[in-house]
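Commentary on secondary and tertiary structure
In case you want the letters, here they are:
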Amino acid sequence: MDLGLKGRVAIVNGASQGIGYAIARLLAAEGAKVVAAARRAPKLDEAVKRIAAETGAAVHSIAADIRKAEDCAAIVAGAVAHFGGVDILVNNDGAPPLGDFTGFDDAAWAKAVDQNLMSVVRMVRAVVPHMRRRGAGTIVNITALSAIQPIPQFGLSVATWAGVIGLAKTLSLELGRDRITINTLAPGLIETPRLHKVTEQSGETMRDLAAEIPVGRVGTPDDIAALVALLVSPRGSYITGTTIPVDGGLFKGVM
């Protein structure tokens, strides 16, 4: 299926590994011009070379720390300078540390807010003028299932990603007339370095986790990338303001 992404310019943060890498690779395979950003330049450059070799797409790397306001601005400026504009933004990164609420001081909270919430605020604020000039745009935020089905020890992530969900819903109302959509994905148990770290702390195995999931398996980064590709394509243009669990049925609420 041709998703109609050929020539679109996409910024994907956290693209050196895991979910971000899978998203960048799939968008490139669909013909998008991809700006891949992440903190660690050597790992990012390797990822970009692999994506370009596999897909033949134009992929540009920008080493940046989205916890810093100036780096958020640099990512967007770099995308515009290199490809002439921005059509797609995927807000994705790692996550703050796990631990008891009482163990985190104001500095830890400030860092989590910059990483999970303010990075989204800054990136969206920077891309919206460019999307308006192009007559449309689409934004996808990657959070986690814990943002809508909280888990003990995940307080830093849950609180800050809840802010992202509220912001995205508000922006869907403000930006809809500009033909800019914004949606949030809440991945469940996805096999990433983050999940391996969680299992190390909990003592669970991947088989243990799979047993909890109705479809009987842990998810993959490609499962998330597939939905992102749909949402940012013309086929997803009537979907905005949503928060979508991508979790094999693990979410227990009624939406």
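Everything in this summary refers to the structure shown in the same document. (Residues numbered from 1 in each chain as written. Predicted model: local features only at pLDDT ≥ 70, side-chain atom pairs only at ≥ 80, totals over all residues. Heavy atoms only, no water.)

**Regarding the packing of aromatic side chains**
Inclusion rule: A pair of Phe, Tyr and Trp rings is counted when the ring centres sit within 6.5 Å of each other, with Trp represented by its six-membered ring. The angle between the planes then sorts it: under 30 degrees is stacked, over 60 is edge-to-face, the rest tilted. Buried residues are those whose accessible area, probed at 1.4 Å on protein chains only, stays under 20% of the maximum for their type, while exposed residues exceed 50% and partly exposed ones sit between those limits.
Per the counting criterion, the structure on display carries 1 aromatic pair. Relative to tryptophan 109, the ring of phenylalanine 101 lies with its centre 6.3 Å away and its plane at 65 degrees, an arrangement referred to as edge-to-face. For tryptophan 109, a relative accessible area of 22% translates into the label partly exposed.

**So, the environment of isoleucine 213**
Applicable threshold: Numbering goes from the N terminus for both helices and strands, where a helix is a DSSP run of H or I of at least four residues and a strand is a run of E of at least two. Contact between two residues is taken to exist if any of their heavy atoms lie within 4.5 Å; hydrogens are not considered.
Among the secondary structure elements, isoleucine 213 is positioned in the loop between α7 (206-212) and α8 (221-231). Setting aside its immediate chain neighbours within four residues, isoleucine 213 contacts Leu189, Val218, Asp247, Gly248 and Leu250.

**Some words on the sheet that holds strand β5 (residues 137-142)**
Operational definition: Being paired, for any two strands, means DSSP has found at least two bridges between them. For every element, the axis is a line fit to its C-alpha atoms; helices are fit only across the contacting stretch, and the angle between N-to-C directions ranges from 0 to 180 degrees.
Pairing within the open sheet is parallel, and its 7 strands lie in the order β3-β2-β1-β4-β5-β6-β7. In this open sheet, the two edge strands, each paired with only one partner strand, are β3 (59-63) and β7 (243-246). Here the average twist between neighbouring strands, direction ignored, is 20 degrees. Relative to strand β2 (residues 33-38), strand β1 (residues 9-13) is paired through 5 bridges, and the arrangement is parallel. Opposite valine 12, over in β2, you have alanine 36 as the bridge partner. Sheet strands touched by helix α3 (residues 69-83): β1, β2 and β3. Its angle to β3, the strand with the most contacts, is close to 150 degrees. The sheet contacts of helix α5 (residues 155-175) involve β5, β6 (180-187) and β7, and relative to β6 the element is tilted by about 155 degrees.

**A word on the packing of helix α1 (residues 18-29) against helix α2 (residues 41-55)**
Just so we agree on the cut-off: Here the angle decides the label: under 35 degrees means roughly parallel, over 145 means roughly antiparallel, 65 to 115 means roughly perpendicular, and every other value means oblique. Crossing chirality is assigned from the near helix's rotation relative to the far helix, an anticlockwise turn below a right angle marking it left-handed and a clockwise turn marking it right-handed.
Packing of α1 against α2 brings their axes to within 9 Å, and their N-to-C directions diverge by 30 degrees. Considered as vectors, α1 and α2 are oriented roughly parallel to each other. As α1 packs across α2, the resulting crossing turns out to be right-handed. Note on element contacts: α2 touches α1 through Ala47, Arg50, Ile51, Glu54 and Thr55, opposite Tyr21, Ala24, Arg25, Ala28 and Ala29.

**A short note on a positive patch on the surface**
Cut-off, in case you're wondering: Excluding any residue in a salt bridge, patches collect residues exceeding 30% relative accessible area, merging like charges within 9 Å and nonpolar Val, Leu, Ile, Met, Phe, Trp and Tyr side chains within 5 Å. Note on areas: Shrake-Rupley, 1.4 Å probe, and residue coverage restricted to the protein chains presented here. Each reported salt bridge corresponds to a side-chain nitrogen of Lys or Arg within 4 Å of a carboxyl oxygen of Asp or Glu. Under the counting rule used here, the positive set is Lys and Arg, the negative set is Asp and Glu, and His together with the chain ends is not counted. Working definition for charges: the position is that of NZ of Lys, CZ of Arg, CG of Asp or CD of Glu.
There is a patch of like positive charges on the surface, built from Arg40, Lys43, Arg50 and Lys197. Locating arginine 40 in the fold gives a position in the loop between β2 and α2.

**Overview of the side chain of aspartate 71**
Along the polypeptide, aspartate 71 turns up in helix α3. No salt bridge is formed by the buried aspartate 71; its nearest oppositely charged neighbour, lysine 68, is found at 5.1 Å. Not counting the four nearest positions on each side in its chain, aspartate 71 is found in contact with Ala64 and Asp65.

**Examining the pairing of β3**
Just so we agree on the cut-off: By the criterion used throughout, a crossover qualifies as right-handed when its path from the first strand across the helix to the second strand runs clockwise, the strands pointing away from the viewer.
In the sheet, β2 pairs with β3 via 5 bridges, with the strands oriented parallel. In the sheet register, alanine 36 faces β3, and the bridge partner there is serine 61. Taken together, β2, α2 and β3 constitute a β-α-β crossover, and its handedness is right-handed.

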